[in-house]
Amino acid sequence: MAGESTFRPRILKGLIFGILLSGWSVCLTVGLAFIASESSFGVLRVLIYGCSFFAALLTLFLSYWVLCFLKLRYTVNDDNLIIHWGLVRHIIPLASVTRISTTGYSDDIVMDMFSWPGMSIGKGFSRLDLIAGVPKPISIFSTSRNKQKLLYLETSSSLYGLSVNDEADFLRGIGAYGHHDSQELIEPHLVYTWPRLHFLISSATVWVYLILITSMTILMWSEFTFRYVELPVQLEGVFPISQEKSRFITLWLREELFQIPRIASLLVVGNTILGLILFIWERKLALMILFSAILIPVLSVFLFELTVHVASG
């Protein structure tokens, strides 16, 4: 039978809550940035700007999850059940499905969940596979944290928990499509709509590096600000003209030291953008560049302290 059927869960509640979360993070980002711009120069201003940047990262994270949830649907065609989740399609060949159940797994599942009201996504494993007697990985794409309300699809290698509006209609839809007996059995697999972009967004390593880069940059500006307010307007040092006689000379004006964190920040931003772009094609090189973006604030703090030490001489 040609064609396909699409089944959608009720996503309105989860979608509204996700949009509210994203909107809250946007307001937090803009509000913190405004407060920081109105505050006097100091460590507090740097920290508020840092919190604003973290809120912006949170906005990107939440917006991506809202996009994924918005695209959640289940498609059945002649050969496969396809779970659409954001930029990812989980393709489950109908020939590989060994069991469909609404019970029997809810008490045997260990999950790491990310959820809010009306949306729940997670990966884990069943404590015991009834056939093989070993744990089996499970992926859940649902609109409820209640495991009793899920429809479970079992294959030889994995489990899937789904939320469908009408289980009977969904089961009839699956039953309306078949597969040829001669078809080679294919295990469930992933297909990416935009492979490189999704790999970049979903990589936990990238998020860890971005958090570290942001934290080190905030610490750099905090250190600079804390030390800057204590410095005199003119930085003077002892210059040895001869062994018998030395004199004080002005080495720097205090404002000139701003160039150190400014240049460091530009290098951090440039390396971060370059690393994210290269991450799509060459992970190792990209991670090296991102790691250098972490080291730049550390080196700039060292250079700043060395400059102050030489000037105070």
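Scroll up to find the structure this text is about.
Residues numbered from 1 in each chain as written. Predicted model: local features only at pLDDT ≥ 70, side-chain atom pairs only at ≥ 80, totals over all residues. Heavy atoms only, no water.

What follows is about the overall build of the chain. For the chain, the count of helices and strands is seven helices and 13 strands. Pairs at least 24 residues apart make up 61% of the contacts formed inside the chain by residues separated by at least 6 positions. Counting every atom, the chain has about 17400 Å² of accessible surface; 66% of that belongs to carbon and sulfur. (Helix = DSSP H or I, 4+ residues; strand = E, 2+ residues; numbered from the N terminus. Contact = heavy atoms within 4.5 Å. Areas by Shrake-Rupley, 256 points an atom, 1.4 Å probe, with all protein chains shown as cover.)

What follows covers the side chain of Ser-139. Counting through the fold element by element, Ser-139 comes out in strand S8 (residues 136-142). When sequence neighbours within four positions are dropped, the list of residues in contact with Ser-139 reads Gly-122, Lys-123, Leu-159, Tyr-160 and Gly-161.

Right, let's talk about a nonpolar patch on the surface for a bit. A cluster of nonpolar side chains, Val-269, Ile-273, Ile-277 and Trp-281, forms an exposed patch at the surface whose accessible area comes to about 410 Å². Mapped onto the elements of the fold, Val-269 is located in helix H6 (residues 259-279). (Patch = residues over 30% accessible without salt bridge, like charges linked within 9 Å, V, L, I, M, F, W, Y side chains within 5 Å. Salt bridge = Lys/Arg side-chain N within 4 Å of Asp/Glu carboxyl O.)

This paragraph deals with the environment of Ser-300. By secondary structure assignment, the location of Ser-300 is in helix H7 (residues 283-311). As for Ser-300 and Phe-224, which are separated by 76 residues in sequence, their C-alpha atoms are 9.4 Å apart. In this view, Ser-300 contacts Met-220, Ile-260 and Ala-264; residues no more than four positions away in its chain are not counted.

Mapping Ala-36 onto the fold places it in helix H1 (residues 12-38). With 11 residues separating them along the chain, Ala-36 and Leu-47 place their C-alpha atoms 8.5 Å apart. Ignoring sequence-local partners within four residues, the contact set of Ala-36 consists of Arg-45, Ile-48 and Tyr-49.

Turning our eyes to something else, we now look at the packing of helix H2 (residues 43-70) against helix H5 (residues 204-228). Two elements in contact, H2 and H5, have axes separated by 8 Å at closest approach and are oriented at 165 degrees. If you check the angle between H2 and H5, you find them roughly antiparallel. Considering the relative orientation of H2 and H5, their crossing is right-handed. Contacts between H2 and H5 involve Val-43, Val-46, Leu-47, Gly-50, Phe-53, Phe-54, Leu-57, Leu-60 and Phe-61 from the former and Trp-207, Ile-211, Thr-214, Ser-215, Ile-218, Trp-221, Ser-222, Thr-225 and Phe-226 from the latter. The residue makeup of the contact of H2 with H5, split by class, is 13 nonpolar, five polar and no charged. (Axes fitted to C-alpha atoms, helices over the stretch in contact; angles between N-to-C directions. Parallel < 35°, antiparallel > 145°, perpendicular 65-115°, else oblique. Left-handed = near helix turned anticlockwise from the far one by under 90°. Nonpolar A, V, L, I, M, F, W, Y, C, P; charged D, E, K, R; others polar.)

Moving on: the nonpolar core. Tyr-74, Leu-81, Ile-83, Trp-85, Phe-141, Leu-162 and Phe-170 are the most contacted members of the largest nonpolar core, which totals 29 residues. Among the secondary structure elements, those contributing two or more residues to this core are H2, strand S2 (73-77), strand S3 (80-85), strand S7 (119-126), strand S9 (151-155), strand S10 (159-162) and helix H3 (167-175). The greatest single-element share of this core, amounting to six residues, is contributed by H2. Filtering out sequence-adjacent residues up to four positions away, Ile-83 remains in contact with Leu-72, Arg-73, Tyr-74, Val-88, Arg-89, His-90, Ile-92, Phe-141, Tyr-160 and Leu-162. Formed by 25 residues, the second largest nonpolar core is a distinct cluster that contains Tyr-228, Ala-264, Ala-293 and Val-308. (Core = buried A, V, L, I, M, F, W, Y, C linked by side-chain atoms within 4.5 Å. Buried < 20%, exposed > 50% of the residue type's maximum accessible area, 1.4 Å probe, protein only.)

Look at H1: 39 Å from first C-alpha to last across 27 residues, which is about the 39 Å you get at 1.5 Å a residue. Burial in H1 covers these residues: Gly-14, Leu-15, Gly-18, Ser-22, Ser-25, Thr-29, Leu-32 and Ala-36. (Expected span 1.5 Å × (residues − 1).)

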